[in-house]
Amino acid sequence: MKPALIAFLLVAASTVFAQEYPEKPVQIVLPLQVGSASDVAVRVFAERLADALKQPMVVENVTGAAGLIGAERLAKSRPDGYTLAALNNSILTILPNIQRDRVKFDPFEDFVPIHGIANIPTLLGVHEALPVRTVKELLAYAKSRPGELNYATGGPGSPQHLAGEMFMAMTGVRMTQVPYKGATAAAAGLASGQTHVMFIAHSLALPFLPSGKVRPIAFAGAKRSAALPDLPTVAEAGVPGYDYSSWIALFAPKGTPPAVLSKLRSESAKVLPGIRERLEKSGLELWAVPPADVPGVIREDHARWARVVREANIKAE
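Read on for an overview of the structure. (Residues numbered from 1 in each chain as written. Predicted model: local features only at pLDDT ≥ 70, side-chain atom pairs only at ≥ 80, totals over all residues. Heavy atoms only, no water.)

Another aspect to go through is the packing of helix α2 (residues 37–53) against helix α9 (residues 258–271). At a closest axis distance of 9 Å, the pairing of α2 and α9 adopts a crossing angle of 120 degrees. Handedness of the α2/α9 crossing: right-handed. Across the interface between the two elements, F45, R48, L49, A52 and L53 of α2 pack against K263, L264, E267, S268 and V271 of α9. (Axes fitted to C-alpha atoms, helices over the stretch in contact; angles between N-to-C directions. Helix = DSSP H or I, 4+ residues; strand = E, 2+ residues; numbered from the N terminus. Left-handed = near helix turned anticlockwise from the far one by under 90°. Contact = heavy atoms within 4.5 Å.)

It is worth spelling out the sheet that holds strand β10 (residues 247–253) at this point. The mixed open sheet is built from six strands, whose spatial order is β2-β1-β3-β10-β4-β11. Both outer strands of the open sheet, β2 (57–61) and β11 (285–286), are each paired with one neighbouring strand and no more. Both strand β3 (residues 83–88) and β10 contribute to a ladder of four bridges, which runs antiparallel. For A85, the partnering residue across the bridge sits in β10 and is F251. The sheet strands contacting helix α3 (residues 68–75) are β1 (26–30), β2, β3, β4 (111–119) and β10, and the helix crosses β3 at an angle near 140 degrees. Contacts from α9 reach β3, β4 and β10, with the element oriented near 10 degrees to β4. (Pairing = 2+ DSSP bridges.)

Every buried residue belonging to helix α7 (residues 183–192) is among A183, A186, A187, G189, L190 and A191, and all of these are buried. Where the residues of α7 are buried, they touch β5 (122–127), β6 (150–153), α6 (159–171), β8 (197–201), α8 (202–205) and β9 (214–219). Two residues or fewer after α7 comes G193, characterised by a positive phi angle close to 90 degrees. (Buried < 20%, exposed > 50% of the residue type's maximum accessible area, 1.4 Å probe, protein only.)

Here we take up the pattern of salt bridges. Scanning the entire structure with this criterion turns up eight salt bridges. A salt bridge links R73 to E60; the shortest N-O distance between them is 3.1 Å. Residue R73 is found in helix α3, and its partner E60 is found in strand β2; the two are separated by 13 residues along the sequence. Overall, E60 belongs to the partly exposed group, its relative accessible area being 29%. (Salt bridge = Lys/Arg side-chain N within 4 Å of Asp/Glu carboxyl O.)

The next point concerns the environment of P159. On the secondary structure map, P159 appears in helix α6. Here the alpha-carbon distance between P159 and Q27, two residues 132 residues apart in the chain, equals 24 Å. The residues touching P159, leaving out its near neighbours within four places in the chain, are N88, S90 and Y244.

The subject of this paragraph is the packing of helix α4 (residues 89–98) against helix α11 (residues 294–312). Viewed as axis vectors pointing N to C, α4 and α11 meet at an angle of 35 degrees, and their least axial separation amounts to 9 Å. Two packed elements cross with a definite hand, and for α4 against α11 that hand is right-handed. Residue-level contacts link N89, L92, T93, I94, P96, N97 and I98 of α4 to I298, D301, H302, W305, A306 and V309 of α11.

Side chains N150 and A152 project from β6 onto one buried face, and the interleaved Y151 and T153 project onto a second face that is buried too. In this sheet, strand β7 (residues 176–179) lies alongside β6 in parallel orientation, the contact comprising four bridges. If you follow A152 over to β7, its bridge partner there is V178. Taken together, β6, α6 and β7 form a β-α-β motif whose crossover is right-handed. (Right-handed = clockwise from strand over helix to strand, strands pointing away.)

Further remarks concern unusual backbone geometry. Of the consecutive residues Y21 and P22, the connecting peptide bond is found in the cis state with omega at -5 degrees. Tracing the backbone through its elements, the reader meets P22 in the loop between α1 (3–20) and β1. Within the chain, A65 stands out as a residue other than glycine whose phi angle is a positive 55 degrees. Residue position: A65 is located in the loop between β2 and α3. Residue A65 is classed as partly exposed on the basis of its relative accessible area of 29%. For A66, which is not a glycine, the phi torsion comes out positive at approximately 60 degrees. By secondary structure assignment, the location of A66 is in the loop between β2 and α3.

Let us now look at helix α5 (residues 135–144). Residues of α5 that are buried include every one of V135, L138, L139 and A142, and no others. Taken end-on, α5 shows its buried residues confined to a sector of 100 degrees, consistent with a single buried face. (Arc of directions from axis to C-beta.)

Examined against the element boundaries, N150 turns out to sit in strand β6. Judged by its relative accessible area of 15%, N150 falls in the buried class. From its side chain, N150 meets the backbone nitrogen of H196 in a polar contact 2.9 Å long. (Polar contact = N/O pair within 3.5 Å; in protein donor to acceptor, adjacent residues only side chain to side chain.)

What holds strands together in a sheet is hydrogen bonding between their backbones, with the strands either parallel or antiparallel. Within the open sheet, the five strands sit side by side as β7-β6-β8-β5-β9. Their pairing is mixed. In this open sheet, the two strands that pair with only one neighbour each are β7 and β9. Adjacent strand axes in the sheet meet at a mean angle of 35 degrees when their direction is disregarded. In this structure, β5 lies alongside β8, joined through five bridges in antiparallel fashion.

Right, dumping it as structure tokens:
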């Protein structure tokens, strides 16, 4: 059979497959805990995408090793469009810089982006009993009591851990990490007074803000949040250059048929604008970055974190 004919038949088969796709439920691997900010965002998105594709999008939380186990599952999955994964920037750009020996995938080559989903606004929060209301007051309090303050995390290598390590490296203060089994449990620990400080997702802080049990003193990202416009960033409040931003996007394993990717991408782009309001009510932000732009974001974030980890000597454990 001539090469041209073979190529034609392959393209035709791929097109037919895509027209019929999906014929059964699609699994979305989420390497983060149930109830986490990412979990909320992905489930809202998956619900709308399922309606558009007329097949269930089954979100499976595959936790462990700060998200590496779930990411490795996607890398090893059959590239047929029936196993996808929602991965955040911590898994793709931070952990590869601090746990090189444990990362079994190539963040630049093993995953194909389908679409950006959400930005996870992060607050620097303190327990209500801590007598500080600004970043400068927190720094002064911590420096006057070296080693006495602690901070809650979802475990070693988690986003909360990395945000805290960067904060300490850039300010010279020392706080003791209190690792929980997931960010949701860590947020509850902060609200109950078991811990003093946490870099906490806005969505996880929401239930505790009205009562004042968690007091936000700054926003961890590069710019202020539209939901809390009067809250300064950590950088504005006294730590120049500090920026802990978090996003999550949907990926397929490399080798997924182009026609299937095209269908997933087009349907994702259609449904994402419709979830903006639900995301914002949950303390999240729409991050509808198109697939063509996601690789550039990954490379930029990876390079930035390589520099931060090197200069601050951040360790995952």
